Structures are given as C-alpha cells and as structure tokens.
Amino acid sequence: MLKRLWLVFAQVCTICVAILFTVSTLRPEWLARAGGSAPPLAPALPAASNAAAPAAAPSGAAAARGAVTSYSAAAGRALPSVVKIATSAQKKFRHPLLYDPTFQRFFGRDQNSNAQQLLGEGSGVIVRADGFILTNNHVVEGAQQIQVELADKRVLPARLIGTDPDTDLAVIKIDGNDFPAVTLGNSEALQVADVVLAIGNPFGVFGNTVTMGIVSALGRTQIADGNPFESFIQTDAAINQGNSGGALVNAQGELVGINSSIFTRTGDFSGIGFAIPTAIARPIMEQLIAHGEVKRGYIGANLGSVTPDIAKRLALKESKGAFVAAVIDGAPGSRAGLRVNDVIVEINGRATADRGDAVNTIAMSSPEQTLPLKVLRDGEIIDLKITLGRRPQTRR
C-alpha cells in the first residue's frame, strides 16, 4: 500500500513539473499574472534595469563606432599603386661536350648554343607620379625586358634605373605622368602587433591581392644570405611567390615596407614573412633615382654585437651598442681614433641600440660626411668625429 502511494505521489509530481514547464514556455504571462501578490521589490528590479539602460547605451554605441571592422579604406588607398612586374631574358646554354677537343675535332667548333627564354614575375609599388616604381632587386635582376601591368590593366614597358643588391632593392620606371603614387609612411612608428596589409600579385595570375596580418617582430636580422644591411619587419600577413616587391601598408594605407622574402621549410607560406622597412628603402630609392647607384658611408671597422661575455669582460652595465672587434689601418675609423674594444653608443646624436643599428646608420650616411660618435672606452665616454669614406661594392 505504501509503495503504491509513493508511486502515485511521484507521478503527480512529474505531471506538475511537466505542466509548469509547458506553461512557462508557451504562456509565461499566466505566471506573471499569478505573481501579482509578490512583494513591491520584485517589479522595482526591471524598473531599475530600464533606468540604467539609457546611461549605458552611449558607452556601448561609442565603442561600436570606434571598433574597426574593415580595412577596405586602407587597402583602397594603396591598391592602385601596386603593379605586376613580368621579366624576360634569353640565356644561351652550351652543352659541356661542345668544349671537348675530341668532339670539336669530329664535329667542328662552331656548334650553335641553345637559347632558352627565362621568365620572371613579381610586384612593385609606384612611389612617384612620374612613373618610378620600387621593387626587389631579385625581381628584375638579369632581366632584358620588363613589363609592368597597372591596376587598371594597362601594360607598359619599363626600364631599369638602378639596383642595390645589398638591400635587395631596385627602381624601374615607366613613361608617363599622373600615376597613382603610394603615400610613404614611417616604418619606425610601427609597433609589434600593429595591423598591416600585404598587397601583391601572388603567383602572377591572380592580380592584386590583399592579405592581412600583424607586425610579428621588428629589426629582424640574419635573414638574407650576404645582406649586410638588415632590419626586417616580420609579419604573418600571407606573402607568396609573386608578392616580392609588393607593398606592406599600415592601417592608414601608408607604405611601411617592401615585401621581400619568407621563411619556410616546405616552399609554402608558413606564417613568417619579411619586408624591408621604408626607413631603409626610402634613402636607397632616392639615391637610385638621383644617381642610379647607392653610395654608402664607411668607417673601416668590423663591428659586432655586445654579448653578455663582452659586457662582463669590459665591465659594461648594459649589453647595448656596437662592439669594435677590429679597425683597418688607415681607414676613416683608424684616423679618427677608433680602437679595438671600443663600444659605439651614439652616432650623430642618436643612441645606438646594437650592431645592426650602427651598420645601417653608417651605411645610410653619405661618403665625406663627418659624423660625431660617442664610444665607451675603459668606462669613460669618448667623443670622436669620423669623416666617412665610401664603402667598397660587395662582390657577389
């Protein structure tokens, strides 16, 4: 008997819960009317909530207005300035057997060499309205013919103005005026995690393409083999084959770098790309346009980084500056009094962060220019003045 009553009670409770669930889902107003005898405090909560809502609304609206949901304006400012570059060259290949004396004895010396056409592709950025275009040296190196396709699909021939293999930069020119030149930005204002857009022509078949990422790191060195002047912007914005020479722009659509290379173990983009900052590219570009070549300052010293071991040996408080590992006799540095074990801490009134900073600052200065230097020697700051020579051309 007791067991039967318990089962009946359980079934009644289950039915009541089911009815309550059904009513609360389909007719919640019935429950609101049933709660009319509730204490006065209960209806006061919605009233307080409604009163607070207008006060909170402006803050939310302001946040919504300030939020960036699209970078189309930045891309739109830079896209017309990015061009596709196609190069071609003919190279004659001669089979090794043609150099063999026995072969020449039977078949003669005047065997024709096979000419093979080499095609290349990349991107470039219009930097002046009169048709000067900045790109990578490796895009146009060895080219006999250069064609430029503009954003409006016009195809124009271009001629080489000058190259700088040491920074992998080159300038070409198309004839005409009123081309859409990009706005040059200040790459030194970039910070890690800033949003950047990479614009170029991937694989030479898709046309201008925009990818977005952030600045992953600044001042990257030891990226390109044989490049003594490095301070790359690292980004995770996708850079693929054909993007070399294209634009890296900030959130305002200003050019802050020239896309140059990627780091990959597979040949595909792996989220690590590098761009030459405009702080380096601008003076190189200006020299190439003005002179067709780059003239760099030279002090005749081998500079290195201030490692913890060097800092400990020289009793330095900080591992900053550029360590002078060797000085060439008779070179500008030697004549100015620069010595081995000196640490360059300031050049031309600007603090020297590391070896790369010192090398780039000196190289970007003109030959015959006199630079004031501050060096740390035996715990004391020594002032020097060095009249720069011209850096010898790098042999490749």
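Residues numbered from 1 in each chain as written. Predicted model: local features only at pLDDT ≥ 70, side-chain atom pairs only at ≥ 80, totals over all residues. Heavy atoms only, no water.

A contiguous nonpolar surface patch, about 350 Å² in accessible area, is contributed by Phe203, Val205 and Phe206. Along the polypeptide, Phe203 turns up in the loop between β7 (195–200) and β8 (209–220). (Patch = residues over 30% accessible without salt bridge, like charges linked within 9 Å, V, L, I, M, F, W, Y side chains within 5 Å. Areas by Shrake-Rupley, 256 points an atom, 1.4 Å probe, with all protein chains shown as cover. Salt bridge = Lys/Arg side-chain N within 4 Å of Asp/Glu carboxyl O. Helix = DSSP H or I, 4+ residues; strand = E, 2+ residues; numbered from the N terminus.)

What follows is about the nonpolar core. Ranked by internal contacts, the top residues of the largest apolar core, which has 26 residues, are Leu134 and Leu169. Every element with two or more residues in this core is listed here: α4 (72–78), β3 (132–135), β6 (169–174), β7, β10 (247–249), β11 (255–262), β12 (273–277) and α7 (278–291). Leu169 has contacts with Leu134, Thr135, Asn136, Asn137, Thr163, Asp164, Ile258, Ile276, Ala281, Ile284 and Leu288, leaving out every residue within four places of it along the chain. In this structure, Phe229, Leu303, Ala322 and Ile344 belong to the second largest nonpolar core, which totals 19 residues. (Core = buried A, V, L, I, M, F, W, Y, C linked by side-chain atoms within 4.5 Å. Buried < 20%, exposed > 50% of the residue type's maximum accessible area, 1.4 Å probe, protein only. Contact = heavy atoms within 4.5 Å.)

Mapping Ser187 onto the fold places it in the loop between β6 and β7. What makes Ser187 buried here is its relative accessible area of 7%. Beyond its immediate sequence surroundings of up to four residues, Ser187 is in contact with Ile233, Val256, Pro277, Thr278 and Ala279.

As a further point, take the packing of aromatic side chains. As enumerated under the stated definition, the model contains one aromatic pair in all. When the ring of Phe232 is compared with that of Phe274, the centres are 6.1 Å apart and the planes differ by 65°; the resulting orientation is edge-to-face. With Phe232 in strand β9 (residues 232–235) and Phe274 in strand β12, this residue pair connects regions lying 42 residues apart in the sequence. Judged by its relative accessible area of 3%, Phe232 is buried. (Phe/Tyr/Trp six-rings, centres within 6.5 Å; stacked < 30°, edge-to-face > 60°.)

According to the stated counting rule, one finds two cavities of 30 Å³ or more in the structure shown. A volume near 40 Å³ is recorded for the second largest cavity. In this structure, the second largest cavity is lined by Asp166, Val294, Arg296, Arg391, Pro392 and Gln393. Among the residues forming the lining of the second largest cavity, the class breakdown is two nonpolar, one polar and three charged. (1 Å grid on protein atoms, 1.4 Å probe; cavity = no way out; pocket = protein on both sides within 12 Å on 5 of 7 lines; lining within 4 Å. Points joined across faces, edges and corners; volume = space filled by probe spheres on them. Nonpolar A, V, L, I, M, F, W, Y, C, P; charged D, E, K, R; others polar.)

Overall, antiparallel pairing links the six strands, which are arranged β7-β8-β9-β12-β11-β10 in a closed barrel. The average undirected angle you get between the axes of adjacent strands in this sheet is 45°. Where β7 meets β8, six bridges bridge the pair, whose relative direction is antiparallel. Each residue of the ladder has a partner; that of Gly200, found in β8, is Thr209. Of the strands in this sheet, β11 and β12 are in contact with α7, which crosses β12 at around 50°. (Pairing = 2+ DSSP bridges. Axes fitted to C-alpha atoms, helices over the stretch in contact; angles between N-to-C directions.)

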